[in-house]
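A look at the structure
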Amino acid sequence: MSSILDERPALRKKVEDVAEVAGYLWQKGWAERNGGNITINITSNVDADMRQMPAISPVMDIGITLPELKGQYFYCKGTGKRMRDLARHPMANGSIIRILDDCKSYVIIADEAVQPTSELPSHLLVHNWFIKKHLPYRASLHTHPIELVAMSHHKPFLGKDVLSRLLWSMIPETKAFCPRGLGIVPYKLPSSNELAQATLEQLADYDVVMWEKHGVFAVDTDIISAFDQVDVLNKSAQIYVSARNMGFEPDGMTDEQMKEMSVAFHLPK
Ligand code: 13P
Ligand code: ZN
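Described in the following lines is the structure provided in the data block. (Residues numbered from 1 in each chain as written. Chains lettered and ligands numbered in written order. Predicted model: local features only at pLDDT ≥ 70, side-chain atom pairs only at ≥ 80, totals over all residues. Heavy atoms only, no water.)

**Comments concerning the state of the cysteines**
Scanning all chains against the criterion turns up zero disulfides. Cys 76 carries a free sulfur, and the closest cysteine sulfur to it, the one in Cys 103, is 16 Å from it. (Disulfide = S-S within 2.5 Å.)

**Focus on the coordination of the zinc ion (ligand 2)**
Within the first shell, the zinc ion (ligand 2) binds the protein through His 142 (NE2), His 144 (NE2) and His 214 (NE2), at distances of 2.1 to 2.2 Å. Read in sequence order, the donor residues coordinating the zinc ion (ligand 2) give the pattern H-x1-H-x69-H. You can see His 144 sitting in the loop between β6 (139-143) and α5 (146-151) and its partner His 214 sitting in the loop between β8 (208-211) and β9 (215-220), a full 70 residues away along the chain. A relative accessible area of 15% places His 214 in the buried class. (Donors = N, O, S within 2.8 Å, 3.2 Å for Na, K, Ca; no water. Helix = DSSP H or I, 4+ residues; strand = E, 2+ residues; numbered from the N terminus. Buried < 20%, exposed > 50% of the residue type's maximum accessible area, 1.4 Å probe, protein only.)

**Let's talk about the nonpolar core**
Residues Leu 25, Tyr 75, Ile 96, Leu 163 and Ile 223 are the most contacted members of the largest nonpolar core, which totals 49 residues. Considering every element that reaches this core, the biggest residue donor is helix α9 (residues 223-245), with eight residues. In this structure Leu 163 touches Met 151, Phe 157, Leu 182, Ile 184 and Met 210, once residues within four positions along its chain are discounted. Within the second largest apolar cluster, 28 residues are counted, among which are Leu 66, Leu 125, Trp 129 and Tyr 137. (Core = buried A, V, L, I, M, F, W, Y, C linked by side-chain atoms within 4.5 Å. Contact = heavy atoms within 4.5 Å.)

**A closer look at the packing of aromatic side chains**
The description of an aromatic ring pair uses the distance of the two centres, along with the angle that the planes make with each other. Tallying each qualifying case throughout the model produces six aromatic pairs. With a centroid separation of 6.0 Å and an interplanar angle of 40°, the aromatic rings of Trp 30 and Phe 227 are classed as tilted. Residue Trp 30 is located in the loop between α1 (9-27) and β1 (37-41), and its partner Phe 227 is located in helix α9; the two are separated by 197 residues in the primary sequence. Exposure class is identical for Trp 30 and Phe 227. Each is buried. Ring centres of Phe 130 and Tyr 137 lie 5.5 Å apart, and the angle between their planes is 75°; this geometry places the pair in the edge-to-face category. Across the pair, Tyr 137 and Phe 130 agree in class, each one buried. In textbook terms, an aromatic cluster arises when at least three aromatic residues are bridged by ring pairs, as seen for Tyr 24, Trp 30 and Phe 227. We note Arg 84 situated over the ring of Trp 26; from NZ or CZ to the ring centre the distance is 4.8 Å. Between the NZ or CZ atom of Lys 175 and the centre of the ring of Trp 168, over which it lies, the distance is 4.6 Å. (Phe/Tyr/Trp six-rings, centres within 6.5 Å; stacked < 30°, edge-to-face > 60°. Lys NZ or Arg CZ within 6 Å of the ring centre and 35° of its normal.)

**Considering the packing of helix α4 (residues 120-132) against helix α8 (residues 193-203)**
With their axes 8 Å apart at the nearest point, α4 and α8 run at an angle of 35° to one another. Crossing hand, α4 versus α8: right-handed. Note on element contacts: α8 touches α4 through Asn 193, Leu 195, Ala 196, Gln 197, Thr 199, Leu 200 and Leu 203, opposite Pro 121, Ser 122, Leu 125, Val 126 and Trp 129. Within the contact of α4 with α8, the residues separate by chemical class into eight nonpolar, four polar and no charged. (Axes fitted to C-alpha atoms, helices over the stretch in contact; angles between N-to-C directions. Left-handed = near helix turned anticlockwise from the far one by under 90°. Nonpolar A, V, L, I, M, F, W, Y, C, P; charged D, E, K, R; others polar.)

**Description of unusual backbone geometry**
Backbone geometry follows two general trends: most residues other than glycine have a negative phi, and most peptide bonds adopt the trans configuration. The amide bond that connects Ala 110 to the next residue, Asp 111, takes the cis arrangement and shows omega of -25°. Tracing the backbone through its elements, the reader meets Asp 111 in the loop between β5 (105-110) and α4. Backbone geometry places Cys 103, a non-glycine residue, at a positive phi of 65°. Relative to the elements of secondary structure, Cys 103 occurs in the loop between β4 (94-99) and β5. Exposure remark for Cys 103: the relative accessible area of 9% places this residue in the buried category.

**Let's talk about the site of ligand 1**
Ligand 1 sits among 13 residues. The nearest are Asn 34, Thr 79, Thr 117, Ser 118 and Glu 119. Asn 37 places a side-chain nitrogen or oxygen 3.0 Å from an oxygen atom of ligand 1. The separation between an oxygen atom of ligand 1 and a polar side-chain atom of His 214 is 3.0 Å. About the coverage of ligand 1: the protein hides 93% of its 310 Å² of free accessible area. Looking at side-chain class alone, the shell around ligand 1 contains no nonpolar, eleven polar and two charged residues. (Near = heavy atom within 4 Å. Polar contact = N/O pair within 3.5 Å; in protein donor to acceptor, adjacent residues only side chain to side chain. Areas by Shrake-Rupley, 256 points an atom, 1.4 Å probe, with all protein chains shown as cover.)

**Examining α9**
The terminal C-alpha atoms of α9, which comprises 23 residues, lie 32 Å apart, in line with the 33 Å expected from a rise of 1.5 Å per residue. Among all positions of α9, only Ile 223, Ala 226, Phe 227, Gln 229, Val 230, Val 232, Leu 233, Asn 234, Ser 236, Ala 237, Tyr 240 and Ala 243 are buried. At the N-terminal boundary of α9, the capping side chain belongs to Asp 222, with an oxygen 3.1 Å from the backbone nitrogen of Ile 224. In the segment just after α9, Gly 247 is the residue with positive phi, at about 100°. (Expected span 1.5 Å × (residues − 1).)

Have a look at this one:
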């Protein structure tokens, strides 16, 4: 079967990066069944032929109006699709959508009429904000990392920047590679507009946001970098859990050590 990726190496590379990350999510145990979703803005790879491609789905409502997304294109994981399948067959487990001129609806243009993820409101609201704020970010990732989600079940960890500080202090690289830390969104119904709105508010200060008792939502310039931010945070969470399992509360790096790190790596906070 022919694919929109044929003869489009730059677009193919971006979708292959999504497939690579989907494989990591499955291997890490963060993607049970259809858990998690990914969207990437691919508009910079859209050519004149793609703009002419007919819709292969009915017009579908996003549920919110997103003025910056007029005529933008996205690769989206399909709702109900498995990351482990997407890793091998990204175009059978996801699709490319075009946002219509009314800025509140979309159509699917390729390869198959795979319905986008149920978390589309959160993803698109955030992509709309990237463009509005002239941010270089083009990728968003939602996943269910085991240790981080477990930590979100403990109220004292959910205070502002409590988890950021704890996770940063477990190993120096975490602050270096996730310098804005972890924001917190109190529990909201999955796929709801309320969850989307609360996520957006946190992204003003953080690149990775915890959805209490559910998962994380991460953004970056590309999908590999978004994955890396979650990976370093969850590594710290695993170190914390390992120490607790050995029967002690880990000391964590001292405030002086953290400060020294921030100066040496020119970190913002
Ligand atoms: P989708 O299969 O619709 O992407 O949903 C997965 C998920 O993790 C919802 O939060
Ligand atoms: Zn989820």
